[in-house]
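Take a look at the letters that make up each chain.
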Amino acid sequence: MTVDLCGIELAHPVINGSGTFDVIAARRVFGAAVDENFPFSAFVSKTITLEPRLGNPPPRLFETPAGLINSIGLPNRGVVGYLEHDLPELATLPVPLITNVMGSDADEVGQLFEALEPCDEIAAIELNVSCPNVKTGLDIGADPAELSKLLAVVRPKTSKPLIVKLTPNTANVALVAGAAEASGADAVSLINTLRAFAADPTAPGKAWLGGGTGGQSGPAIRSVALAQTSAVAAAIELPIIAMGGIANAANGRQFLDAGARVIAVGTESFRDPLAGAKIAAGLLS
Amino acid sequence: MTVDLCGIELAHPVINGSGTFDVIAARRVFGAAVDENFPFSAFVSKTITLEPRLGNPPPRLFETPAGLINSIGLPNRGVVGYLEHDLPELATLPVPLITNVMGSDADEVGQLFEALEPCDEIAAIELNVSCPNVKTGLDIGADPAELSKLLAVVRPKTSKPLIVKLTPNTANVALVAGAAEASGADAVSLINTLRAFAADPTAPGKAWLGGGTGGQSGPAIRSVALAQTSAVAAAIELPIIAMGGIANAANGRQFLDAGARVIAVGTESFRDPLAGAKIAAGLLS
Amino acid sequence: MSEDDGRVPAPFGTRDVAINGIEELGPYRVFSCSDPAGPVPSAGQFYMLTGAERWGGGVDERPYLPRAISVLAAGDGQLSFVIEVVGPGTGRLAELVDGDRLRLLGPLGNRFRPPAAGLRPILCGGGIGVAPLAMMAQQLVAEGREVTSLLGFRDAEHAVGAEFIAGAAVATDDGSVGHGGLVTELLLAELDRDPSAVVYSCGPPQMLDAVRAISVASGVPAQLALEAPMACGYGACYGCVVKVADGSYRRTCVDGPVVVADELAIDWLGGERSQ
Amino acid sequence: MSEDDGRVPAPFGTRDVAINGIEELGPYRVFSCSDPAGPVPSAGQFYMLTGAERWGGGVDERPYLPRAISVLAAGDGQLSFVIEVVGPGTGRLAELVDGDRLRLLGPLGNRFRPPAAGLRPILCGGGIGVAPLAMMAQQLVAEGREVTSLLGFRDAEHAVGAEFIAGAAVATDDGSVGHGGLVTELLLAELDRDPSAVVYSCGPPQMLDAVRAISVASGVPAQLALEAPMACGYGACYGCVVKVADGSYRRTCVDGPVVVADELAIDWLGGERSQ
Ligand SMILES: Cc1cc2nc3c(=O)[nH]c(=O)nc-3n(C[C@H](O)[C@H](O)[C@H](O)COP(=O)(O)OP(=O)(O)OC[C@H]3O[C@@H](n4cnc5c(N)ncnc54)[C@H](O)[C@@H]3O)c2cc1C
Ligand SMILES: Cc1cc2nc3c(=O)[nH]c(=O)nc-3n(C[C@H](O)[C@H](O)[C@H](O)COP(=O)(O)OP(=O)(O)OC[C@H]3O[C@@H](n4cnc5c(N)ncnc54)[C@H](O)[C@@H]3O)c2cc1C
Ligand SMILES: Cc1cc2nc3c(=O)[nH]c(=O)nc-3n(C[C@H](O)[C@H](O)[C@H](O)COP(=O)(O)O)c2cc1C
Ligand SMILES: Cc1cc2nc3c(=O)[nH]c(=O)nc-3n(C[C@H](O)[C@H](O)[C@H](O)COP(=O)(O)O)c2cc1C
Ligand code: FES
Ligand code: FES
C-alpha cells in the first residue's frame, strides 16, 4: 500500500487536510500515543502566511446538515514564528512533513518559498490558492490564467515538490488543474471548503460567524469533491490528493477509484482523532 | 404576506423549484386536493426544451448525506408538446404559471421565447442557463460575458417577465447576476444543483448514475445557497428567487433575510408534497 | 397500464401514524399501524415511509428520503408492511418499535388488475416481492378464486417468507427447501400443465425479466410489480423511470409499479445494477 | 493557565462505553457509564460525547459533531454527566437509555487548580454550569476543605440543580427559590464578609463575565470554566477560541476550559451571541 507522492514515500494513502489536525496540540492531549500510532502517512501543516495572523473573531464554527462551516481565518505565527516554534516540534514527526502556505500575491508566495527552502525537515510545500485576489475579488485559484502567472514567478523559488491546493469555488476546476500542471506543479490537492454562509439563528439577516462568510466541509460536500476529483483526474497526469467529506474507508476508496493517489481526512478527524488510521486500516483490509 | 414578483402578485413567498413538482401527476395521485390546497404561490414548470427529450437512462437518483444527486436529464415533450399537452392542464392552476426553458444557444432560446410569447396562461419565463456551452464546456451561465451575449439576443423576443436561473457552478455568481441585470433580466433565481458525482457502490470507479454526473440538492447545499443568495443580493437590485435545501420555515426565513423576495422548495417536496404549504404557513405565523 | 383505473386519491401530504404491532419472521420484519384517515389500498400499491423521528444519522448520514414499501395487508383502518433490511432506510424502518410514529404518504401507484374470467391467476414471486402478492392472494381468495402461488427464495432462512401466502410452492436457489432452482422453472411447469393463466409477479429484477420473457414468448399475460429507487413516489422527481417498449421512459411510481410484461423494453434491465 | 499542569494523557481515539444509569432531575438528565479504560478525570475537565448509534437525523439533520460535556462525577471506573437540552446534540444525548452505547473522547482540557493555602474556596455557578463545580466540591470536601457554594438559576424548576452540591445557597432570577436576583450578588456579599477567598465559577457567559469583573476589581482570584462551541475538543480545529488579555485568541479546549479571570480580554464576550 506504499504510495509515491512526488518522490516522497508514504506508508499508506491517507494524510490529513491542512488545518484539521494540530499534532503539537494532539501530543499535549494524547501524549506519546500520537507519534506511536500516527494516523496519517504524512502531516500537512495548517496554512502559514508571511506575517502572523490572529484569525477571525469567534464564533468560528457552525454545524450544518452533515457538515460544518468554519471561519477560522488562518491563525498562525507567520513563517518566522513557524520556523522557530513549530518546525522543531514537527521535525520529530514519524512521517514526512508538508508545509501549507498562502500569500496574497507572487511576491508574498515567493518569500514564503524562499523562507522554507533551507529546511530539510519540510518534504514538500502545499500552496493554498484559495486566497482572494484583491483586484478581482475571485480566489487566485479560480482563474487558470491568474494561477499560471503566479506559478511562473514562484515555481523557480523552491526546489521542493510543489502541491497546489485548488479552490473548488470555480466554474471548471479541471482547467485550473491543467494550468497548475503546465506551470510546474508536482501535484494538486482538492477540494478546499465550499464558500458558505451561516445565518445567525438568533438575529435575522446577520452572519453567525465572526468572520462573516465561511467554508463548508464534511460529508455534505463529498459528492462535489468526487465530481471535481474525477474531472481533474481526467484532465491531468499529476498525482492528486483528494479530500472532502471522507468519513470512512468506503468513501476513501471511491476517491482513489476516481483517480486520486492520496486521500486526506479533514472534518472527520474532529469526530475521532484516529479517523485517519481507521480509514487507512479499512483501505488495507 | 403578498409578494410582487415582476408585476405578478403572489399570495405568499413560497414557490416550487423547477423540476421538483409535477402538478399533472400530483392531480392524478392526490385528486382535487392539489388545487384546493396548492402548496405554492406560483407554479414553475420543469425545464422545457425545443425538441422532445427522453431524459437520461436510469438510475437517475442517488441519496447522499442530507441530500440527493439527480441526473434526470430534462425529459420533456419539447415546446410543441408542452403547449399542446401540458399547457391546457396548467392553465387551470389556481396560481400563476412560470415556464422554465433551456436552449443550447441564442437561436434555440429565441425560438422557445417566441413559441411561448402568445400564451397568456404563462405569466413569466424562467431561463435555465445551466446548459453546457458546446464550445467551452462551461455552463453558459458560468460566464458573465457569455450570458450577456445570449440575453442581448433573446431578451427582445419576449414581452413576459424574464427570470434567469443562474448556475451555482461558477467562481463568482454575483458577477453573473450583475450581467443578467444589465442585460434586461427581470429577476434571477438560484441556486440550481451543484455538479456532483455518485460512485457506484458495487462497481469501483464507475458512475452510479445512468447520466454519468449529476447535481446535488437538498440540505447539504443550503449553506452554499445562502452564501450565493447573500452575494447576489448585495450585487443587484432585481428580485431574487432563492432555493437550495430549504426544508422548513426557519430555513426559508434565512433566505428571505439574506435578501430573497421569493423562496422555492425543491427536494423537500419529495419528502412531503405539502412541504411548500407548511413552509408558507410557518413563515406567516 | 398507465391509465388510472379508478384509483382512489391518496390524502395530499404525509400523515403520522403509530406503530401498533411488530413481528419478526426470520429475516423479515412485519409491522402494522393504524391509519384510519387513509383510503383502503389495493394489492400492488405502496406507501412512502419515513420514521417520524430520527430519520437519518445512519451510515453516511442516511436515510434522508422516504422509502417505498408495498402494502402487505390492509383492513379495519390497519396497514401492515414487511421489510427486508438492505440498507439504512430499511434498517431504520426495521428498528421502529411499538408506539413509534411512522410518517407515510399513500396509497400510491396503480394496482394489480383482476384476472379476466377463465384465466387462472398464478402468483410468482421472489424474496421480499412476496408482499404485494400476499395481498393479491388475499383479494383473490376473498373473491373465491383459486390461486396458484410460486415463491422463490435464496435459502431456507429466507424461505420462511412463504408463510405470507398459504399453500405456496417454494423454490430455493440452494435447494434447501422445495424445488432446487429458480421459481420461474416452477412457473414454466405450471404453464406447461395449463397455459390459460395470468401471472402476477414481484421480485428481483432478474426474476421479473425472466417472467417478462416467458410472458412474451408464451403469450400468457403477466403483470409485473416493479421496484425502482424512488425519491418522491408521486411523480414529482422523474427519478424512478423504467424503459418501455417504445424506447421512452415511464415513471414507476405513477405509471406503475405494476406494468404489463410486454410494455417493458426488452433491455429494460440495462440501466439497472446487479444488486 | 495554558501550561499543562501535569494532566494525564487521554486515550488517543474515541471509545464506546455503555450507559448504565439514568436519572431525571427536573430539567436535567444525569447519566452514568462505565469507562474502565479511561484515566480518572479532574474537576473542570470534559469529554466529547456522541451517541454511538443514530447521531444525526434531528432538526436540520443534526447533530453531526460530538458535543463537549463536563464530567460531573467519576470514580471506580464510572463517569457521570448532566445534560440540559438546548438543541439537537444535547437532545440526542438526553434520549439515550440504559444499555445504549456512548462514544467518548477524553478526559480533555485543563482543570481547576487547588486553592492556595489560606484561601477559602467559593464555588459560584449558574444553570448547567453546576456540573464541574459539583465535582470540584467533592474533591475539596474529600481534601477536608470547607466550601462555600453559591448557585444561580432561572426559576424554581431549574433550581433543583442545587441538589448537585450539598449545602449550596441559591439565587433565582424570579425569586421563586432563595435569593431573588443574581448569584453574583451572593458572591459580592460573601467577599464582603471575607475576601481571602478564591472563586471557582462556571455558568452562562454573562455570569462568568460578572465574576471576571468582580475578580479583577477586588483582586480575589477566580478560575472560570468557559464554554465554547467545539468541533474537536483536542486543539485540531481552532474553532473554540476566546479572546485573551493581549488581544489574541486562545483555544478553550486545550488551553482551557478553565482560565484565570484576568487572563481574559475585557471584551471577551464581544463575539458571543446572546443565547
Ligand atoms: C414500489 C416499491 C415497493 C417496495 N416494497 C418493498 C417492501 O414491501 N419491502 C421491502 O423491504 N422493500 C420494498 N421495496 C424496496 C425498498 O424500497 C428498498 O429496498 C429501499 O428503498 C432500500 O433503502 P435502503 O436505504 O435500505 O437501502 P439502499 O442503501 O438505498 O440500498 C438499496 C440498493 O440501492 C443501491 N443504492 C441506491 N442509492 C444508493 C446510495 N446512495 N448509496 C448506496 N447504495 C445505493 C445499492 O446498490 C443498494 O443495494 C419496494 C420498492 C418499491 C419501489
Ligand atoms: C467545556 C464544556 C463543557 C460543557 N459541559 C456541559 C454539561 O456538563 N452539560 C451540558 O448540558 N452542556 C455542557 N456544555 C454545553 C454543551 O456542549 C452545548 O450546550 C451543546 O454543545 C449544545 O449542542 P446542541 O446541539 O444541543 O445545541 P445547539 O443547536 O448547538 O445550540 C446551542 C446554541 O448554539 C448556537 N448554535 C451554534 N451552532 C448552531 C447551529 N449550527 N444551528 C443552530 N444554532 C447553533 C445557538 O445559538 C444555540 O443556542 C459544555 C460545553 C463546553 C464547551
Ligand atoms: C476547521 C478547518 C480549518 C481548515 N484550515 C485550512 C487551512 O488552514 N488551509 C487549507 O488549505 N485548508 C484548510 N481547511 C480545508 C481542509 O483542509 C479540507 O480541504 C476541507 O475541509 C475538506 O475536507 P473535509 O470535508 O474532509 O474536511 C480547513 C478545514 C476546516 C474544517
Ligand atoms: C430531481 C430534480 C429535478 C430538477 N429539475 C430541474 C429542471 O428541470 N430545471 C431546473 O431549472 N432545475 C431543476 N432542478 C433544480 C431545482 O429546481 C433546484 O434549483 C435545486 O434542486 C435546489 O433546490 P433544493 O435543494 O430545494 O432541491 C431539479 C432538481 C431536482 C432535485
Ligand atoms: S419516485 Fe419521483 S417520479 Fe417516481
Ligand atoms: S474545539 Fe477544536 S480546537 Fe478547540
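Residues numbered from 1 in each chain as written. Chains lettered and ligands numbered in written order. Predicted model: local features only at pLDDT ≥ 70, side-chain atom pairs only at ≥ 80, totals over all residues. Heavy atoms only, no water.

Counting its secondary structure elements, chain C contains five helices and 16 strands. Counting only C-alpha atoms, chain C reaches 50 × 40 × 40 Å along its principal axes. Sequence-distant contacts in chain C: of pairs separated by 6 or more residues, those separated by 24 or more amount to 64%. A total accessible area of about 10,200 Å² is found for chain C, and carbon and sulfur atoms account for 53% of it. Averaged over its 20 positive side-chain charges, chain C has a centre that lies 6 Å from the centre of its 34 negative ones. (Helix = DSSP H or I, 4+ residues; strand = E, 2+ residues; numbered from the N terminus. Contact = heavy atoms within 4.5 Å. Areas by Shrake-Rupley, 256 points an atom, 1.4 Å probe, with all protein chains shown as cover. Lys, Arg positive; Asp, Glu negative; His and termini not counted. Charge placed at Lys NZ, Arg CZ, Asp CG, Glu CD.)

Quick look at the sheet that holds strand β12 (residues 197–202) of chain D now. Residue and element names in this part refer to chain D. As summarised here, the arrangement of the seven strands in space is β11-β10-β9-β8-β12-β13-β16, forming an open sheet in which the pairing is mixed. Sheet topology places β11 (179–180) and β16 (258–260) at the edges, where each strand pairs with a single neighbour. Taken together, the four bridges between strand β9 (residues 148–153) and strand β10 (residues 169–172) define a ladder with parallel strand orientation. In the sheet register, F153 faces β10, and the bridge partner there is T172. (Pairing = 2+ DSSP bridges.)

All right, on to the site of ligand 2 then. Of all residues adjacent to ligand 2, which total 26 residues, the nearest are E63 of chain A together with A68, V82, G89 and T90 of chain D. Near ligand 2, the surrounding residues are drawn from chains A and D. For ligand 2, an oxygen atom lies 3.4 Å from a polar atom in the backbone of P88 of chain D. Measuring from a nitrogen atom of ligand 2, one finds a side-chain N or O atom of E227 of chain D at 3.4 Å. For ligand 2, whose accessible area on its own is 940 Å², the fraction buried by protein is 85%. Elements that contribute at least two residues to the shell around ligand 2 include exactly β5 (61–64) of chain A together with β4 (67–70), β6 (78–84) and α1 (88–95) of chain D. It is β4 of chain D that contributes the most residues to the shell around ligand 2, four residues altogether. (Near = heavy atom within 4 Å. Polar contact = N/O pair within 3.5 Å; in protein donor to acceptor, adjacent residues only side chain to side chain.)

In spatial order, the strands read β5-β6-β12-β11 (chain B); together these four strands make up an open sheet with antiparallel pairing. For this open sheet the edge positions go to β5 (61–64) and β11 (194–196) of chain B, each flanked by a neighbour on one side alone. When the angles between neighbouring strand axes are averaged without regard to direction, this sheet yields 35°. Across the sheet, helix α7 (residues 222–235) of chain A lies against β6 (67–70), β11 and β12 (214–217) of chain B, angled at about 65° from β11 of chain B, the strand it touches most. (Axes fitted to C-alpha atoms, helices over the stretch in contact; angles between N-to-C directions.)

Attention now goes to the interface of chain D and chain A. At the interface, 39 residues of chain D touch 47 residues of chain A. Here chain D and chain A share an interface that buries about 3,600 Å² over both sides, 62% of which is from carbon and sulfur atoms. Between E63 of chain A and R62 of chain D there is a salt bridge, with its nearest N and O atoms 2.6 Å apart. There are 14 residue pairs in polar contact (both at pLDDT 80 or more) connecting chain D and chain A. For the side of chain D that touches chain A, the elements supplying multiple residues, two or more each, are β7 (101–108) and β15 (249–251) of chain D. Partitioned by chemical class, the residues of the side of chain D that touches chain A number 21 nonpolar, nine polar and nine charged. (Buried area = accessible area lost by both parts, 1.4 Å probe. Salt bridge = Lys/Arg side-chain N within 4 Å of Asp/Glu carboxyl O. Nonpolar A, V, L, I, M, F, W, Y, C, P; charged D, E, K, R; others polar.)

Right, let's talk about the nonpolar core for a bit. One finds F30 of chain A together with F30 of chain B to be the most contacted residues of the largest nonpolar core, which totals 198 residues. For F30 of chain B, the contacting residues outside a window of four places in its chain are P273 of chain B together with P9, A10, P11, F12, L105, L108 and Y234 of chain C. With 46 residues, the next largest nonpolar core counts Y47, V71, V198 and C202 of chain C among its residues. (Core = buried A, V, L, I, M, F, W, Y, C linked by side-chain atoms within 4.5 Å. Buried < 20%, exposed > 50% of the residue type's maximum accessible area, 1.4 Å probe, protein only.)

It is worth spelling out the pairing of strand β6 (residues 78–84) of chain C at this point. All names here are of chain C. Most of β6 sits inside the fold, with six of its seven residues counted as buried. Examined bridge by bridge, strand β2 (residues 28–34) and β6 share seven bridges and lie antiparallel to one another. Its bridge partner lying in β6, F31 is registered against F81. Pairing analysis gives three bridges linking strand β5 (residues 73–75) to β6, with the strands arranged antiparallel.

Once that is clear, we can look at the domain arrangement of chain C. Interfaces are often described in size by the accessible area the parts lose on coming together. Residue and element names in this part refer to chain C. Parsing chain C into structural domains produces domain 1 (15–107) and domain 2 (120–274). Using C-alpha coordinates to define each centre, domain 1 is positioned 22 Å away from domain 2. Facing 23 residues of domain 1, the contacting portion of domain 2 comprises 24 residues. Where domain 1 packs against domain 2, one counts one salt bridge. Between E84 and R154 there is a salt bridge whose closest N-O contact spans 2.7 Å. Viewed at the interface, domain 2 and domain 1 are joined by four residue pairs in polar contact (both at pLDDT 80 or more). Of all the secondary-structure elements, those providing two or more residues to the side of domain 1 that touches domain 2 are β2, β3 (46–51), β4 (67–70), β5 and β6. (Domains from an automatic or database assignment.)

Following the criterion strictly, the structure yields 24 aromatic pairs over all chains and no others. An angle of 45° between the planes, with centres 5.1 Å apart, marks the rings of F30 of chain B and F12 of chain C as tilted. One end of the pair, F30 of chain B, is in helix α1 (residues 23–30); the other, F12 of chain C, is in the segment before β1 (15–25), on a second chain. Taking relative accessible area as the criterion, F12 of chain C reaches 11% and is therefore assigned buried. One aromatic cluster is present, formed by F21, F30, F38, F40 and F43 of chain A together with F12 and Y234 of chain D through successive ring pairs. A cation over an aromatic ring shows up here: R60 of chain A above the ring of Y249 of chain D, its NZ or CZ 5.1 Å from the ring centre. (Phe/Tyr/Trp six-rings, centres within 6.5 Å; stacked < 30°, edge-to-face > 60°. Lys NZ or Arg CZ within 6 Å of the ring centre and 35° of its normal.)

Turning next to the site of ligand 3. Neighbouring residues of ligand 3: 23 residues in total, closest S18, T47, K165, G245 and T267 of chain A. Among the chains of the assembly, those with residues near ligand 3 are chains A and D. In this structure, N100 of chain A approaches ligand 3 through a side-chain N or O atom, which is 3.3 Å from an oxygen atom. Separating an oxygen atom of ligand 3 from a backbone N or O atom of G266 of chain A is a distance of 3.1 Å. Taken together, the residues of the shell around ligand 3 sort by class into six nonpolar, 16 polar and one charged.

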